[in-house]
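Spelled out from the first residue to the last, the chains are:
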Amino acid sequence: MGKKVSTAAWLLVAVALCLVPHVADRFVTYLSMRVMMLGIFALGYNLLLGRTGLLSFGHGAFYAAGAYGLGLFSLHVSPHPLLGIAVGVAAAALVALAVGFLSVRSSEVYFSMLTLAFGMMVFALVWNLREVTGGDDGLIGIARAPIRLGPARIPIAREGQYYYLVLSLFALAVWVAARVRASPFGLVLAGIRENPTRTEFAGIPVRSYRLAVFVLSGMFAGLSGALEVLLESGARPSMAHWTHSAEPILVSLLGGLHTLTGPLVGSLLFVAMREIIMRFTENWMLAFGVVLLVIILGFRGGVVGSLAEAMRRRQAARRAP
Amino acid sequence: MTGPVLLETRKLSNHFGSICTARDLDLSFEEGVLTSIIGPNGAGKSTLINLVTGHLPVQAGRVTFRGRDVTRLPVHQRVRLGICRSFQIVNVFPQLTVLQNVLIPTLARLGRTRRAFARVSAETQARQEAEAVLERVGLSAERDLAAAALSHGDKHLLEVGVALAARPTLLFLDEPTAGMNPLERSRLLESIRKLAAEGRTTFVVVEHDMDVVFSLSERVVVLHRGELLCDGSPERVRGDARVREVYLGEEVADLPGGSQPGKGP
């Protein structure tokens, strides 16, 4: 695939995304926002899993830190959405810094188990601190106040309006992830995935780099969580549960671990499949599991990975006489 | 051309259970002296490298580099100071391209790896230096191949290239020519000789091939069961009775040009 084709594809997607609220109904607009939020979550998560080779079960906690950070700020300090999102992302970064600091010194299974343990502690806190977090009720009644920027006042109360805030931040997240992947920092992360020992012998403090990308991916999770609170007008404790951390893993496996578009396509498939399957059966997880099994066994490297591989083969076959 | 002492070990010891792989080793490596470390299997050659480069924690003893105590320094800081190594078993970044493999240490040396929003493709200086390293080890044509796709010999060349890219002052090569065909071997040895002559890097090579050892090095260190058996010029080591007894045996006596030490085949 040439550079021109991929630029054209990105442009086409961008235009389509801009048009959604105008041409589609409210439900599709809502689902598109869910896809983009999951996309942000998965994109950040994949910097950790696909790029650096670290499997975290703690990202539900960072998602919740973003969600509750925005929720509490909005309820007690100021309903300004952009400030709230910034507070949410900062809260997620802080929690990720604390959890990461204690986890990145271990590797592989031990790292995963530590993130799981810390994630469960955060969930327990959210669940038990009733006075602050609302316990199992969560936080409710968070309004989408207009964005005040100096004299300007941008309303986001209607879903068709809020959509564009989500789209802008989604675009920002894609841009950041793309830049990081193409950067020297991103190359070092791939080096850590491939061979941490050798990376150390290249003169790089591997732990610090692991911690940095852990915090960065935690901030993506926090952004996603904050956006969900604004969309659903509330925060639920289940956001912090470790099973929620599995969502971006499934999404990454669906779409493909080693590409930028993998998690994005995976998010689309994940939300679409959930919606379609849920119309036919209550046990959507069962059917979803079967589909996932087929994709993992049949499409090595996820949908995007296998498609790219198939196209490469076709082109190679065409070139050969 | 003997320079100042770079690295020094004092009473360096290491045990794996009841097996002693280093016992009270007092060694010093001087700038510009191409040294070989030899010894039978289990002599502690790799352990010595592991200890001085920080790959293994030092159990007892001291390591100093240019007079500075580095005994407890983490690996990456020793690399920054100028101590690097290659590995006996190829230890590169398999899924990255050959160029990316040498780019990582090059970017690290130039202090560019924290840049998360710059583009690797725009790091002109690092790319040029990385390509110069590939030229040195003869892998320029393979720059865009994944490291995993290289032949066995080429992987060893890349292994050395990745170590060289950190531009170390003192470089330990752990059996760099293992499993290479004669052509690859002579190519690698030629570039080591050339690099050593340039004087930027001092090489310490662990090697099994006696031809290589005696043709390449100005100094030979013989280890046996973790102890220092002999240390000196190739001629001296070749003539040492104890070395012949425990390790070299007939191999030394049979060497071509035994009366003309220091000349390679």
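Our structure's up above, just so we're on the same page.
Parameters at a glance
Residues numbered from 1 in each chain as written. Chains lettered and ligands numbered in written order. Predicted model: local features only at pLDDT ≥ 70, side-chain atom pairs only at ≥ 80, totals over all residues. Helix = DSSP H or I, 4+ residues; strand = E, 2+ residues; numbered from the N terminus. Rg over C-alpha atoms; globule rule 2.2 N^0.38 Å. Buried ≥ 20, exposed ≤ 12 C-beta atoms within 10 Å, placed from the backbone. Contact = placed C-beta atoms within 7 Å. Nonpolar A, V, L, I, M, F, W, Y, C, P; charged D, E, K, R; others polar. Pairing = 2+ DSSP bridges. Axes fitted to C-alpha atoms, helices over the stretch in contact; angles between N-to-C directions. Expected span 1.5 Å × (residues − 1). Parallel < 35°, antiparallel > 145°, perpendicular 65-115°, else oblique. Left-handed = near helix turned anticlockwise from the far one by under 90°. Core = buried A, V, L, I, M, F, W, Y, C linked by C-beta atoms within 7 Å.

Chemist: Give me the overall build of chain B: which residues, what numbers.
Modeler: Secondary structure summary: chain B contains 10 helices and 10 strands in total. Relative to the globule expectation of 18 Å for 265 residues, the C-alpha radius of gyration of chain B, 19 Å, shows essentially globular dimensions. Dimensions of chain B, computed from C-alpha atoms along their principal axes, come out at roughly 60 × 40 × 35 Å. Taking all 265 residues of chain B together, the buried fraction comes to 44%.

Chemist: For the interface of chain A and chain B, give the residues involved together with the corresponding values.
Modeler: Contacts between the two partners involve 21 residues from chain A, matched on the other side by 31 residues from chain B. Tallying contributions element by element places helix α8 (residues 184-194) of chain A first for the side of chain A that touches chain B, with seven residues. Residues of the side of chain A that touches chain B, tallied by class, amount to 11 nonpolar, six polar and four charged.

Chemist: Break down the environment of Ala61(A) for me, citing the residues and quoting the values.
Modeler: Residue and element names in this part refer to chain A. Structurally, the position occupied by Ala 61 is in helix α3 (residues 59-76). Once the C-alpha coordinates of Ala 61 and Pro 151 are considered, the two residues, 90 residues apart in sequence, prove to be 36 Å apart. The residues contacting Ala 61, other than those within four sequence positions of it, are Val 95, Val 99, Phe 118, Gly 119, Val 122, Phe 123 and Ala 240.

Chemist: I'd like a description of the environment of Gly179(B), backed by residues and values.
Modeler: All names here are of chain B. Counting through the fold element by element, Gly 179 comes out in the loop between β7 (170-174) and α6 (182-198). Distance from Gly 179 to Ser 86, taken between C-alpha atoms, is 15 Å for residues 93 residues apart in sequence. When near neighbours in sequence (up to four residues on either side) are disregarded, Gly 179 contacts His 152, Gly 153 and His 156.

Chemist: Kindly report on the sheet that holds strand β6 (residues 83-85) of chain B, identifying the contributing residues and their values.
Modeler: Residues and elements named next belong to chain B. An order of β6-β7-β8-β3-β9-β10 is seen for the six strands of this open sheet, with the pairing classed as mixed. Only two strands of the sheet have a single partner each, and these edge strands are β6 and β10 (227-232). Looking at each pair of strands side by side, their axes are set apart by 20° on average, direction ignored. Bridge count for strand β3 (residues 35-38) against strand β9 (residues 219-224) is four bridges, and the pairing is parallel. Bridging from a neighbouring strand, Ile 37 pairs with Val 221 of β9.

Chemist: Now, about helix α1 (residues 3-23) of chain A: what can you tell me, with residues and values included?
Modeler: Here α1(A) spans 29 Å end to end across 21 residues, near enough to the 30 Å set by a 1.5 Å rise per residue. With one of 21 residues buried, α1(A) is to be regarded as a mostly surface element.

Chemist: Account for the pairing of strand β2 (residues 19-30) of chain B, with residues named and values stated.
Modeler: Residues and elements named next belong to chain B. Here strand β1 (residues 5-16) pairs with β2 via eight bridges, running antiparallel. In the sheet register, Val 5 faces β2, and the bridge partner there is Glu 30. Taking the residues that link successive antiparallel strands as the turn, the β1-β2 hairpin has two residues, and the phi of Gly 17 there is positive, at about 60°.

Chemist: Can you break down helix α13 (residues 284-298) of chain A residue by residue, with the values?
Modeler: The end-to-end C-alpha separation of α13(A) is 21 Å, in line with the 21 Å expected for 15 residues at 1.5 Å each. Across the 15 residues that make up α13(A), only a small minority, one, are buried.

Chemist: Can you tell me about the sheet that holds strand β4 (residues 60-65) of chain B, naming the residues and giving the values?
Modeler: Strand order across the open sheet formed by four strands is β2-β1-β4-β5 (chain B), with antiparallel pairing between neighbours. Bordering the open sheet on either side are β2 and β5 (68-69) of chain B, each of which pairs with just one other strand.

Chemist: Just give me the short version of unusual backbone geometry, but keep the residues and values in it.
Modeler: Trans peptide bonds make up most of the peptide bonds, and negative phi angles are found at most residues other than glycine. All names here are of chain B. Phi is positive for Arg 167, close to 45°, though the residue is something other than glycine. Note that Arg 167 resides in the loop between α5 (152-165) and β7. When the 18 C-beta atoms within 10 Å are taken as the criterion, Arg 167 is described as partly exposed. Residue Arg 225 is not a glycine yet carries a positive backbone phi of 50°. Looking at the secondary structure, you find Arg 225 in the loop between β9 and β10. Assessed through the 16 C-beta atoms surrounding it within 10 Å, Arg 225 is described here as partly exposed.

Chemist: Could you give me a rundown of the packing of helix α3 (residues 98-109) of chain B against helix α4 (residues 124-137) of chain B, with the residues and numbers involved?
Modeler: All names here are of chain B. Look at α3 against α4: their axes get within 9 Å of each other, and the N-to-C directions meet at 120°. Considering the angle they form, α3 stands oblique to α4. Here α3 and α4 pass one another in a crossing that is right-handed. The segment α3 lies against α4, with Val 98, Leu 99, Val 102, Leu 103, Thr 106 and Leu 107 engaging Ala 126, Glu 129, Ala 130, Val 133 and Leu 134. Residues of the contact of α3 with α4, tallied by class, amount to nine nonpolar, one polar and one charged.

Chemist: So what's going on with the nonpolar core? Residues and values would help.
Modeler: All names here are of chain A. Of all hydrophobic cores here, the largest spans 163 residues; its most connected members are Ala 61, Ala 64, Ala 92, Val 166 and Leu 223. A per-element tally of this core places helix α10 (residues 206-232) first, with 14 residues. Look past the residues within four positions of Ala 92 in its chain and what remains in contact with it is Phe 62, Ala 65, Gly 66, Gly 69, Gly 218, Met 219, Ala 221, Gly 222 and Gly 225.

Chemist: Explain the packing of helix α2 (residues 26-51) of chain A against helix α12 (residues 261-280) of chain A to me, and be specific about the residues and the numbers.
Modeler: Residue and element names in this part refer to chain A. Running from amino to carboxyl end, α2 crosses α12 at an angle of 135°, the nearest separation of the two axes being 8 Å. Between α2 and α12, the crossing angle belongs to the class labelled oblique. For α2 against α12, the interelement crossing comes out right-handed. Taken together, the residues of α12 that come into contact with α2 (itself represented by Leu 31, Arg 34, Val 35, Leu 38, Gly 39, Ala 42, Leu 43 and Asn 46) are Gly 262, Pro 263, Leu 264, Gly 266, Ser 267, Leu 268, Phe 270, Val 271 and Glu 275. Of the residues contributing to the contact of α2 with α12, the split by class is 10 nonpolar, five polar and two charged.

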